[in-house]
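Spelled out from the first residue to the last, the chains are:
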Amino acid sequence: MNEPAHLVAGISHWENRKYDLYRVNPPLIRMVAAISKYLTNIQTDWNGYTDTSRGQRPIFQMGGDFLNANGENSYWIFTIARWCCIPFSLIGASVCYLWSKELFGTKAGLLSLTLWCFSPNVLAHAQLITPDCGATSMGVTSSYLFWIWLRTPKWSTAIYAGIALGTALAAKTTWILFFGLFPLIWFLYLLAPSSSSNDKDQLKKQGKQLIVILGLGFYFLNLVYRFEGTLIQLGEYQFISTTLTDQDATVIRTTNRFADSILSKIPVPLPQDYVLGIDIQKKDFENFGRESYLRGEFRDYGWWYYYLYALMIKMPIGTLALIAIGTFLFITVDRGKQSWLILLTVLFPAFFILILVSSQTGFNHHMRYVLPCLPFFFIIAGRAARVMDYQSKWMLFLGLTLLVWSVSSSLYYFPHSLSYFNEFAGGPMNGHNHLIHSNIDWGQDLKFLKKWKESHPNCEPFYLCYYPHREIKALGMDYPSPPVNVDADYTPPPGWYAISINYLKGYGWLKPKDGYSYFQKYTPVERAGYSIYIYHIREQLN
């Protein structure tokens, strides 16, 4: 659903040298994806490029225009763009292996590496040009290099950590928390048991190196944006979120709660579009009627436990068990300064992100928002491998069983990894009774539907309600929509109907009780992947 918008925005960054399109996410990942414009024939259409100063987001319509301009060639264009982003997932895999190996040994490194490579959530998002997996990789890389600096505080390790911090910031706004988290971790590390960092000169040196790390982070973030709007005074911004305007979230206004305060003259050391992106993202999380869904219930606000619940049913059970064992062993067995450092740099960021995202209960849609937690959990799961070395055979058997269970559960549903749900949830076939949106249906099964239709040419008339329901004709699927917004007892005309599960459950711009939910009373005869259900409505006999 989001890839066309991301690619168009990335191309705009290169061609127009502007960063206002899709500003809710920093540009690094999509700029890498947009390198594909030099590798294939791409047609661009900038007619939909309108004013974005009041939080408008024309990029989704522009993504549709892009698909219309390129037609079925879009499949190949996005294939190339996805290939450009493969290195991000390889970086994440490498860091999981190296960090876990250095903490707990080679077997632990291999365990963490396996959990990353076969994670259905990583497999799902690493294949996309959306920023989630790339940002996850750069975030754990930044933490890893900061951990190296804490162990060996040298100018060289500080420079590497600073560069990594900058790339993480340019990948996803979530990582702005590192500006507060890294100094806090350093301070708490100094308080660790048996700390040897008591020399004043050494502390002063480390303090300077920490400033360099944070300074390089700011510098490289601004460099990606070409320093557009850097150091604008806080009072000059025009915000739209309730948090930054102190106004009703249902009203879009442009104002600034800091305009008349002493903070208004402070120059903000961040790019203008980065700051405005935070403002728009904050408004997205505020409650203004975006319906959330959990366990069959729609409502206009979210749940504090939504992301924790999603992790419990969207991760393989074997992986969850290994994470639990690794965490338990670490907490109950490990002691000393090294363990304190692991707690601060591995577990602390993971739970901090989970708590931070869970606190945004204006709406809940996407488990992918907590994807950055996963590599930290995979690394701590590596601790379980150490106990297999010297404990009884049944511990080794248990560990290997959990690992095989995790891998086989993921591969069983591959390549439909985006729709993965574990056995607790009843698998992908029952996943929609727990979660919808990008957790199961993000428009990824259109090609599977296209193949099914090509192998069933006589299934006519054919109707299609695809999520998102746009640009179907450009992608080679020119079919009419089923009747919408009708009574629940409505019987559609005879024919074949393909309905995306999001719309089938009642989600959409219409009220949940309407839409295409009337198909729920029928039994599907086929499906494309796990997100598009196919129904055959026969003519009723009197």
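The structure reproduced in this document is the subject of the present report. Keep in mind that this is a model prediction, so the values were computed, not measured. (Residues numbered from 1 in each chain as written. Predicted model: local features only at pLDDT ≥ 70, side-chain atom pairs only at ≥ 80, totals over all residues. Heavy atoms only, no water.)

Another point: the layout of surface pockets. Taken as a whole, the second largest pocket encloses approximately 810 Å³ of empty space. Lining the second largest pocket are 32 residues, with Glu3, Arg82, Gly443, Gln444 and Lys447 sitting closest to its centre. Only helix H1 (3-15), helix H4 (74-104) and helix H20 (446-455) provide two or more residues apiece to the lining of the second largest pocket. When the residues that make up the lining of the second largest pocket are grouped by side-chain class, the tally is 15 nonpolar, 10 polar and 7 charged. (1 Å grid on protein atoms, 1.4 Å probe; cavity = no way out; pocket = protein on both sides within 12 Å on 5 of 7 lines; lining within 4 Å. Points joined across faces, edges and corners; volume = space filled by probe spheres on them. Helix = DSSP H or I, 4+ residues; strand = E, 2+ residues; numbered from the N terminus. Nonpolar A, V, L, I, M, F, W, Y, C, P; charged D, E, K, R; others polar.)

Let us look at the pattern of salt bridges. This structure, assessed with the given rule, holds 10 salt bridges. When the shortest N-O distance is used, the salt bridge between Arg368 and Asp132 registers 3.3 Å. With Arg368 in the loop between helix H15 (337-358) and helix H16 (374-381) and Asp132 in helix H7 (residues 131-151), this residue pair connects regions lying 236 residues apart in the sequence. The partner of Arg226 in a salt bridge is Glu228, and the shortest N-O contact between them spans 3.2 Å. (Salt bridge = Lys/Arg side-chain N within 4 Å of Asp/Glu carboxyl O.)

The N-to-C vectors of H4 and H16 enclose an angle of 35°; their axes lie 9 Å apart at closest approach. Here H4 and H16 pass one another in a crossing that is right-handed. The residues of H16 that touch H4, namely those facing Cys96, Trp99, Ser100, Leu103 and Phe104, are Pro375, Phe376, Ile379 and Ile380. In terms of residue class, the contact of H4 with H16 is made up of 8 nonpolar, 1 polar and no charged. (Axes fitted to C-alpha atoms, helices over the stretch in contact; angles between N-to-C directions. Left-handed = near helix turned anticlockwise from the far one by under 90°. Contact = heavy atoms within 4.5 Å.)

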